[in-house]
Amino acid sequence: MRASLLQIHVDPDESVDSRRERVSSLVRAQSGADLVVLPELWPVGAFAYERFAAEAEEADPATGPTALAMSAAARDAGVWLHAGSIVEKGTEGGALYNTSLVFSPSGELAATYRKVHRFGFDRGEATMMSAGTDPVTVPHPQATLGLATCYDLRFPELFRALIDAEPHGARVLVVPAGWPAKRADHWTLFARTRAVENQCFVLACGTAGSHAGVAQAGRSAVIDPWGEVLAESTGTEEAVVTADLDLSQVDKVRESFPVLKDRVL
């Protein structure tokens, strides 16, 4: 599986419409990849709380501008696309969600995931958005994907649920984020830890630039089941990080070091 992570620069002076067009072009340039991944809340910025309500949109490609643009980009490039996340305008009394969108190469919306763990400690996202409730996996033709978003990375229970999912547990964990630069070491540490403890690949896609004045960590990375970094962005600028994943490595690692079989709790 060839995976490409697009570490998108979020510029507060760039309009959301312009960024959608630019990101669509970047996705189309990844033709030949098996999976393309975008970061968390790249249309508006993960810390731009004051804009969440105004920029909220539907997850349906028929009605949501980001979903429509990403559906078309996935179809034109012929790629599976994890389109990062949007501020979703839910149908349940106007609730907002931090919702990830996954598209097939035909442009079909294959899955959505509403972020379970909201960041903010009773402020920001934690108070403005409703929480998702369900782990979500996606049956990519080459490997089942497990979906998580940013702050979720600090909660290992979610990742255990993803690798235990029926009928097929996740073998590639996809984590888009808007992770702040001041905790960049935690981002790298947790991404590698989730790979090692679950013996999976982890695709950790961060953002560049700043979100509402909060500098972003960047450091997007592709990590193998031993926790080795196959490819990464060493800086905080916009970048494309591409790596080829040998998916047979998941079985090899799990067979040679069968730690998952020794779980008690």
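Small disclaimer: the values here were computed from a predicted structure and weren't measured.

Here we take up the UniProt feature "domain: CN hydrolase" (unreviewed entry) in the protein chain. In this numbering, the UniProt entry assigns the feature "domain: CN hydrolase" (unreviewed entry) to residues 1-247. Overall, residues 1-247 shows 23% helix and 29% strand. The separation of its end C-alpha atoms is 7 Å.

On to unusual backbone geometry, then. With omega at 5 degrees, the peptide bond leading from Glu166 into Pro167 counts as cis. In this structure, Pro167 sits in the loop between helix H5 (156-163) and strand E9 (172-176). In the Ramachandran plot, Leu41 falls in the positive-phi region, its phi being about 45 degrees despite a non-glycine side chain. Here Leu41 is to be found in the loop between strand E3 (35-37) and helix H2 (52-55). A positive phi angle, close to 50 degrees, is found at Gln199, a residue other than glycine. By the element assignment, Gln199 lies in the loop between helix H6 (184-198) and strand E10 (201-205). Classification of Gln199 by relative accessible area gives buried; the value is 2%.

Quick notes on the rules
- Residues numbered from 1 in each chain as written.
- Predicted model: local features only at pLDDT ≥ 70, side-chain atom pairs only at ≥ 80, totals over all residues.
- Heavy atoms only, no water.
- UniProt positions renumbered as here; feature names shortened; annotations may be inferred.
- Helix = DSSP H or I, 4+ residues; strand = E, 2+ residues; numbered from the N terminus.
- Buried < 20%, exposed > 50% of the residue type's maximum accessible area, 1.4 Å probe, protein only.

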